[in-house]
Amino acid sequence: MVLLIPRQKRGSHKGCVVFLLDIITMDVAKREKSCKANAPSPSPSPSGYSASDNLDESLLLEILCRLPCQSAHRFKCVSKRWFSIISDSYFIQRFVLAHPQPPPFTLLFKYESNDQQKMKILITSKEAVFQSHGFTLSFLPCFKASEKDPVNILAACDGLLLCSSAATKACPTVYYICNPLTKQWFALPPVYHCNQEAYSGLICEKGGGAKGGNGAFSINDQYKYRVVCIVRHSTTDLAVKIFSSETGRWKEIIRRYRDYYPMVFLHHHAIAYEGVLHWWSPLNRSFVTCDPCNKDGNLRFSFALNYEAMGIAFEECPGVCKGRLRLCQQLLSLTEGFSTIRVWNLEEDHDGGKWCLKHQFSLYELQSEDTQLVEYARCCLMPRFRLLSVDLYDENIIYMSCLGSIVSCNMEGKTLEIVSEYPAADGNSYQSRAYPFQLPWWPTPVPSYIN
């Protein structure tokens, strides 16, 4: 069989790539339809090969590495040849290089709906990879569609989510590491928390996916991860429980409760930063850090924030933007009667780091095309806005919720814009939580542990 390719201008093969992608897409569609019908693959040529089977391997690789991540990963099932090409580390290197823009990012916003009084998950990004019907957590064993809270999301890191089953006094907690894009998941050994609330975090270690010191890519599918749980162990003790994928076991470290009393009241979202997990402690105005690679966990208070008390800290929201720790605060003014937003960046130095105030403004200053948002921003009686998250890439953007809407706030232009809307039972319920979720350009595999 001869594959005819349209002639292009000298030095241009964009049309060829588009044409070949169309052939591959039709070929994949035929094969998938054949698989669904439980019939042998169609043979578009007397030799029994399809058009894409006749492509030179280097040309096929160049085409496949320009596909969206979800499509490239799905095309592994087309044939053994395609599986071999797409699974090869060289292909992954080329794929990452072919996508230089920042990886897609969304907020996973969990809220209580007003129709069924159930907890639901809203995906704020409009990108196709997040809006596809396949992006769901219903594949997890702990997903209970009939329950008020079908799945408990605890943390996110490198395209993976940490979820758990509901714990009771009689039953232990089972944690799951999963990749919503590939539907891969892994159950950790059950662990007992004695019915106490646990602050949980997930951190991944990988040998590749980022440029090394010499600018070369090193892709390593053997990811390692650790799960950390901080829980009240007794009236006198605090327990730090660490799971390692290398050992496949939980390790428990006991600390005196009186030395770590502020840790009982932490911000729910654990931040993975520089290989260490960070929880914000409002009582101590500092981060509680835990190094899961350290034999004793190295649990301590770090990066204390000292600032002039111009009001009551109504709420605080930590995060990472452009590789820097960031803290957003909403303060209730005791004199002016409306809220003030402050945003701090942690600037690294030889002493470990210091906090620098990057933005400060009152909600009263904000403008929007939505007149109701402006009205809510100027409400003096009770704050209508709740801090949700920082933006991973834009230092001028933070996200807030406001009575059934997810709103982006441009701190430089002092503007508000509705990103998503949701039918909530209580627009600013404190049961709602937001998890910043970034998909790496190549799916993070769910690693197995060593017995």
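Right above here is the structure, for reference.
Residues numbered from 1 in each chain as written. Predicted model: local features only at pLDDT ≥ 70, side-chain atom pairs only at ≥ 80, totals over all residues. Heavy atoms only, no water.

*Asks:* What is the right way to read helix α4 (residues 80–87) from this model?
*Replies:* Along an α-helix, residues three or four positions apart point the same way, because every turn accommodates 3.6 residues. All of the buried residues along α4 are W82, I85 and I86. Looking down the long axis of α4, one finds its buried residues gathered within 90° of arc, a one-sided arrangement. (Buried < 20%, exposed > 50% of the residue type's maximum accessible area, 1.4 Å probe, protein only. Helix = DSSP H or I, 4+ residues; strand = E, 2+ residues; numbered from the N terminus. Arc of directions from axis to C-beta.)

*Asks:* Sorry if this is basic, but what is going on with the nonpolar core here?
*Replies:* In a soluble, globular protein the nonpolar side chains are often hidden away together inside. Within the largest apolar cluster, 39 residues are counted, with the highest numbers of intra-cluster contacts made by L64, F91 and L161. Here this core spans two domains, since at least three of its residues come from each of domain 1 (58–100) and domain 2 (105–206 + 223–438). Here L161 is in contact with L108, L137, I153, A155, A156, Y176, I177, C178, P180, L202 and F437, once residues within four sequence places are set aside. L373, Y376, L387 and V390 belong to the second largest nonpolar core, which has 21 residues in total. (Core = buried A, V, L, I, M, F, W, Y, C linked by side-chain atoms within 4.5 Å. Domains from an automatic or database assignment. Contact = heavy atoms within 4.5 Å.)

*Asks:* What's the story with the sheet that holds strand β13 (residues 286–290) in this structure? I'm lost.
*Replies:* Backbone hydrogen bonds are what pair the strands of a sheet, in a parallel or an antiparallel way. Spatial ordering of the open sheet is given by β11-β12-β13-β14, a layout of four strands whose pairing is antiparallel. Every other strand in the sheet has two partners, leaving β11 (271–273) and β14 (300–302) as the edge strands with one partner each. Looking at each pair of strands side by side, their axes are set apart by 40° on average, direction ignored. Here three bridges tie β13 to β14, and the two strands are oriented antiparallel to one another. Within β14, the residue paired with F287 across the bridge is S302. (Pairing = 2+ DSSP bridges. Axes fitted to C-alpha atoms, helices over the stretch in contact; angles between N-to-C directions.)

*Asks:* Quick question: what am I supposed to make of unusual backbone geometry here?
*Replies:* A negative phi angle characterises most non-glycine residues, just as the trans form characterises most peptide bonds. One non-glycine residue, R285, lies in positive phi territory at about 50°. In this fold, R285 is placed in the loop between β12 (276–281) and β13. With phi around 55°, K322 is a residue other than glycine that occupies positive phi space.

*Asks:* What's the story with the pattern of salt bridges in this structure? I'm lost.
*Replies:* As a working rule, side chains carrying opposite charge can pair if their charged atoms are close by. Enumeration over the complete set of coordinates arrives at nine salt bridges. Notably, a salt bridge pairs R324 with E347, separated by 3.2 Å at the nearest N-O pair. In this pair, R324 is assigned in strand β16 (residues 324–333) and E347 in strand β17 (residues 339–347), connecting sequence segments 23 residues apart. Note on R324: relative accessible area 34%, which makes it partly exposed. Residues K358 and E347 are paired through a salt bridge, measuring 3.6 Å at the closest nitrogen-oxygen approach. Taken as a pair, K358 in strand β18 (residues 354–362) and E347 in strand β17 lie far apart in primary sequence, 11 residues in all. (Salt bridge = Lys/Arg side-chain N within 4 Å of Asp/Glu carboxyl O.)

*Asks:* Can you walk me through the sheet that holds strand β2 (residues 119–123) in this structure?
*Replies:* Spatially, the three strands line up as an open sheet ordered β2-β1-β23, and their pairing is antiparallel. Looking at which strands have only one partner, the edges of the open sheet turn out to be β2 and β23 (433–438). This sheet shows a mean twist of 25° between the axes of neighbouring strands, independent of strand direction. Where strand β1 (residues 105–112) meets β23, six bridges bridge the pair, whose relative direction is antiparallel. Each bridged residue has a counterpart across the sheet, and for F105 the counterpart in β23 is Q438.

*Asks:* What is the right way to read the environment of Y376 from this model?
*Replies:* Tracing the backbone through its elements, the reader meets Y376 in helix α7 (residues 371–377). It is 9.2 Å that separates the C-alpha atoms of Y376 and Y364, two residues lying 12 residues apart in sequence. In contact with Y376, other than residues within four places in its own chain, are R384, F385, C402 and L403. Side-chain polar atoms of Y376 contact the side chain of Q372, separated by 2.9 Å. (Polar contact = N/O pair within 3.5 Å; in protein donor to acceptor, adjacent residues only side chain to side chain.)

*Asks:* Could you clarify how one ought to interpret the side chain of N179 in this entry?
*Replies:* By the element assignment, N179 lies in strand β5 (residues 175–179). Within the structure, N179 has its side chain in polar contact with the backbone oxygen of T444 (distance 2.7 Å). What N179 contacts, discounting residues up to four positions off in sequence, is F139, G159, L160, Q184, P443, T444 and V446.

*Asks:* Looking at this model, I keep getting lost on the packing of aromatic side chains. Mind explaining?
*Replies:* Aromatic ring pairs are reported here in terms of the distance separating the ring centres and the angle at which the planes meet. This model, assessed by the stated rule, comprises 17 aromatic pairs. A centroid spacing of 6.5 Å and a plane angle of 70° characterise the contact between F130 and F437, whose relative ring orientation is edge-to-face. Here the residue F130 occupies a position in helix α6 (residues 128–131), and F437 occupies one in strand β23, the gap between them amounting to 307 residues. F437 sits in the buried class, given a relative accessible area of 1%. Pairwise contacts between aromatic rings join Y175, Y225, F243 and W250 into one cluster. Above the face of the Y364 ring, R378 is positioned so that its terminal group lies 4.9 Å from the ring centre. (Phe/Tyr/Trp six-rings, centres within 6.5 Å; stacked < 30°, edge-to-face > 60°. Lys NZ or Arg CZ within 6 Å of the ring centre and 35° of its normal.)

*Asks:* Would you take a moment to explain helix α2 (residues 57–64) for this structure?
*Replies:* Looking at α2, one finds that the buried residues are L60, L61, I63 and L64. Taken down its axis, α2 places every buried residue within 165° of arc, on the same side.

*Asks:* Sorry, what's going on with the pairing of strand β8 (residues 224–232) here?
*Replies:* In the case of a regular strand, side chains alternate between the two sheet surfaces. The element β8 is extensively covered by neighbouring structure, given that seven of its nine residues are classed as buried. With eight bridges connecting them, strand β7 (residues 198–205) and β8 associate as antiparallel partners. Paired with C204 across the strands is Y225, a residue of β8. Pairing of β8 with strand β9 (residues 237–244), which is carried by seven bridges, proceeds in the antiparallel orientation. Looking at the pairing, R232 lines up with L238 of β9. Between β8 and β9, which pair antiparallel in sequence order, lie four residues.

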